[in-house]
Amino acid sequence: MVDSEQIENPDDFLALRFSIGFENLTSSMKLAPEQASLDELGKGSLVLGLPAGCCNVEHSVMIKIFQEGTGAPTGPLLFFATGKVTEIEEADDRRVRAVITLVQFDEQSWKAF
């Protein structure tokens, strides 16, 4: 049997941390960066962990992703987009996972991100 430590070296991986600026353009609700998390990246979409009740399907949102520790809006902006909430899944009674389909964004920034 092969030990996973023989195959995977933890030093080969880089931990990436981000601050997420989230604004629901439909309801004018803004979240503090610590309230949102980037859970998944997809092709032209992303999944955010958000407080329950901050958005609904079909809502328009604005997302800004900053390098963590720099604090929005003064740190380096890595990615900016507008999108539509296309799906919401309950994570627990206080959080949801929202699938955001990107509508307007710079494709090169997305690929670099």
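Residues numbered from 1 in each chain as written. Predicted model: local features only at pLDDT ≥ 70, side-chain atom pairs only at ≥ 80, totals over all residues. Heavy atoms only, no water.

Asker: So, the nonpolar core: which residues are in play, and what are the values?
Answerer: Ranked by internal contacts, the top residues of the largest apolar core, which has 20 residues, are Phe22, Leu46, Leu48, Leu50, Cys55, Ile63 and Ile100. For this core, the secondary-structure elements that each account for two or more residues are β1 (18-24), β4 (45-51), β5 (60-67), β6 (77-90) and β7 (95-105). It is β7 that provides the largest number of residues to this core, a total of 4 residues. In this structure, phenylalanine 22 is in contact with Met29, Lys30, Leu31, Leu48, Leu50, Cys54, Cys55, Val61, Met62 and Ile63, ignoring residues within four places of it in sequence. (Core = buried A, V, L, I, M, F, W, Y, C linked by side-chain atoms within 4.5 Å. Buried < 20%, exposed > 50% of the residue type's maximum accessible area, 1.4 Å probe, protein only. Helix = DSSP H or I, 4+ residues; strand = E, 2+ residues; numbered from the N terminus. Contact = heavy atoms within 4.5 Å.)

Asker: Please provide a residue-by-residue account of the pairing of β5, values included.
Answerer: Along any regular strand, the residues point their side chains to alternate faces of the sheet. Here β1 runs beside β5; their pairing, made up of 7 bridges, is antiparallel. Within β5, the position partnered with serine 19 by the bridge is phenylalanine 66. In this structure, β5 lies alongside β6, joined through 7 bridges in antiparallel fashion. Residue pairing across strands places valine 61 opposite glycine 83, the latter belonging to β6. (Pairing = 2+ DSSP bridges.)

Asker: Explain the environment of leucine 78 to me, using residue names and the numbers behind them.
Answerer: Its place among the elements puts leucine 78 in strand β6. What makes leucine 78 partly exposed here is its relative accessible area of 33%. On a C-alpha basis, the gap between leucine 78 and phenylalanine 18 in space is 9.1 Å, while along the polypeptide they are 60 residues apart.

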